[in-house]
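The chain contents come next:
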Amino acid sequence: DEYVHTNISIAIKKDSVIFGDFYYHQTDKTIYFDLISPLKDNNGRILGAIIQRVNPRYNIFPLISKWPSESKTAESFVFGIKNERVVFLSELRHKKNPELTFSISLNDTNVIAVKGARGQEGSLSGKDYRGKSVLADMKTIPGTDWYLVSKIDEEEIFHNILFRIEIILILIAVSLAALILGYLY
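Structure report, in brief. Keep in mind that what you see is a predicted model, and the values were worked out from it rather than measured.

## Observations regarding the layout of surface pockets
Taking a probe equal in size to a water molecule and rolling it over the atoms shows the remaining empty space.
Phase 1 of the analysis: Put simply, the largest pocket is a space of about 400 Å³.
Phase 2 of the analysis: Y3, D21, F22, K82 and L89 are, among the 18 residues lining the largest pocket, the residues nearest its centre.
Phase 3 of the analysis: Among the elements of the structure, strand 2 (23-25) and strand 5 (75-82) are those that each provide at least two residues to the lining of the largest pocket.
Phase 4 of the analysis: Class assignment for the residues of the lining of the largest pocket results in ten nonpolar, four polar and four charged.
Phase 5 of the analysis: Considered as a void within the structure, the second largest pocket measures approximately 190 Å³ in volume.

## So, the environment of A173
Phase 1 of the analysis: Positionally, A173 belongs in helix 5 (residues 154-184).
Phase 2 of the analysis: For A173, a relative accessible area of 45% puts it in the partly exposed group.
Phase 3 of the analysis: In sequence terms A173 and I81 are 92 residues apart; their C-alpha atoms lie 53 Å from each other.

## A word on the packing of aromatic side chains
Phase 1 of the analysis: All told, the structure shown has 14 aromatic pairs when counted by the stated rule.
Phase 2 of the analysis: Between the aromatic rings of Y3 and Y23, the centroid separation amounts to 4.5 Å while the plane-to-plane angle is 40°, which identifies the pairing as tilted. Separated by 20 residues along the polypeptide, Y3 in helix 1 (residues 2-14) and Y23 in strand 2 bring together distant segments of the chain.
Phase 3 of the analysis: Judged by centre distance (5.6 Å) and plane angle (75°), the ring pair of F33 and W146 falls under edge-to-face.

## Considerations on the sheet that holds strand 7 (residues 103-105)
Strands pair in a sheet through their backbones, by hydrogen bonds, and they do so in one of two ways: parallel or antiparallel.
Phase 1 of the analysis: Strand order in the open sheet formed by six strands is 7-6-5-10-9-8, with antiparallel pairing between adjacent strands. The open sheet is flanked by strand 7 and strand 8 (122-127), the only strands paired with a single partner. The sheet shows a mean angle of 35° between the axes of neighbouring strands, taken without regard to direction.
Phase 2 of the analysis: When strand 9 (residues 133-140) meets strand 10 (residues 147-153), the two strands line up antiparallel, connected through seven bridges. By the bridge assignment, D137 is partnered in strand 10 with S150.

## Section: the pairing of strand 8
Phase 1 of the analysis: Here strand 8 pairs with strand 9 via six bridges, running antiparallel. Its bridge partner being in strand 9, K127 is matched across the sheet by S133.
Phase 2 of the analysis: Count of turn residues in the strand 8/strand 9 antiparallel hairpin: five residues, of which G131 carries a positive phi of about 90°.

## A closer look at helix 1
Phase 1 of the analysis: The terminal C-alpha atoms of helix 1 lie 18 Å apart, and with 13 residues this matches the ideal 18 Å at 1.5 Å per residue to within 8%.
Phase 2 of the analysis: Those residues of helix 1 lying buried are V4, N7, I8 and A11. Taken end-on, helix 1 shows its buried residues confined to a sector of 105°, consistent with a single buried face. Across helix 1 from its buried face, at more than 90 degrees, point the exposed residues E2, H5 and K13.
Phase 3 of the analysis: Its buried side turned inward, helix 1 meets strand 1 (18-19), strand 2, strand 3 (30-40) and strand 4 (46-54).
Phase 4 of the analysis: Note on helix 1: the residue one or two positions beyond its end, D15, has a positive phi of about 55°.

## Considerations on the pattern of salt bridges
Side chains carrying opposite charge are able to pair once their charged atoms draw close together.
Phase 1 of the analysis: As enumerated under the stated definition, the model contains nine salt bridges in all.
Phase 2 of the analysis: The salt bridge involving K40 is made with D15; its shortest N-O contact spans 2.9 Å. Residue K40 is found in strand 3, and its partner D15 is found in the loop between helix 1 and strand 1; the two are separated by 25 residues along the sequence.
Phase 3 of the analysis: The exposure class assigned to K40 is partly exposed, which follows from its relative accessible area of 39%.
Phase 4 of the analysis: Ionic pairing is found between D128 and R130, a salt bridge with its closest N-O pair at 2.8 Å.

## Some words on the pairing of strand 3
Phase 1 of the analysis: As judged from the two bridges shared by strand 1 and strand 3, these two strands associate in the antiparallel manner. Across the sheet, I18 pairs through a bridge with I36, a residue of strand 3.
Phase 2 of the analysis: Note that strand 2 and strand 3 share three bridges and pair antiparallel. Bridge pairing in strand 3 links Y23 to Y32.
Phase 3 of the analysis: Following strand 2, the chain reverses through four residues before pairing antiparallel with strand 3; K29 in that reversal takes a positive phi of roughly 55°.
Phase 4 of the analysis: Bridge count between strand 3 and strand 4: eight bridges; the pairing is antiparallel. Paired with S37 across the two strands is I50, which belongs to strand 4.
Phase 5 of the analysis: Taken together, strand 3 and the strand that follows it, strand 4, pair antiparallel across an intervening segment of five residues, in which G44 is found at a positive phi of about 85°.

The rules behind each value
Residues numbered from 1 in each chain as written. Predicted model: local features only at pLDDT ≥ 70, side-chain atom pairs only at ≥ 80, totals over all residues. Heavy atoms only, no water. 1 Å grid on protein atoms, 1.4 Å probe; cavity = no way out; pocket = protein on both sides within 12 Å on 5 of 7 lines; lining within 4 Å. Points joined across faces, edges and corners; volume = space filled by probe spheres on them. Helix = DSSP H or I, 4+ residues; strand = E, 2+ residues; numbered from the N terminus. Nonpolar A, V, L, I, M, F, W, Y, C, P; charged D, E, K, R; others polar. Buried < 20%, exposed > 50% of the residue type's maximum accessible area, 1.4 Å probe, protein only. Phe/Tyr/Trp six-rings, centres within 6.5 Å; stacked < 30°, edge-to-face > 60°. Pairing = 2+ DSSP bridges. Axes fitted to C-alpha atoms, helices over the stretch in contact; angles between N-to-C directions. Expected span 1.5 Å × (residues − 1). Arc of directions from axis to C-beta. Contact = heavy atoms within 4.5 Å. Salt bridge = Lys/Arg side-chain N within 4 Å of Asp/Glu carboxyl O.

Spatial relationships are all this shows, so hold off on functional conclusions.
Structure below.
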């Protein structure tokens, strides 16, 4: 397709490896990204290009989606910027995005992905693509125009904290009651 031909031309012109972007291949109905390297003979003349096609659904998205602990809302995803929009490149936990069609305007500055696209990195708070308040960590992926976000709903975090506070308060109340009863008797 034309996207691949364009990247082959760029790799040959630059005489270097090109790390392509995620794209939706119309024929296969699959998301790919390509590594394209010029192929040279012993005299350094370019003969063509070698394309290593990667289907991220099998070897990248599973790594991104794994979370180290049990969580109902936590997820990590990759996004990029295209046509003044944040385009979600990897699979999302709470929304299907099979053809890289889901995007958000760069004008929606409350969304954490937009904050990252506008240059913010590290720990962030804001809204996610569902409009839920989240805490997130944002990083650029070196050597690409992509960003990696790991986020969790604030509600889930605060629910766990409040539950632990309640348990501590109950233990303190029971301890005080035992002390008082022990003192009285």
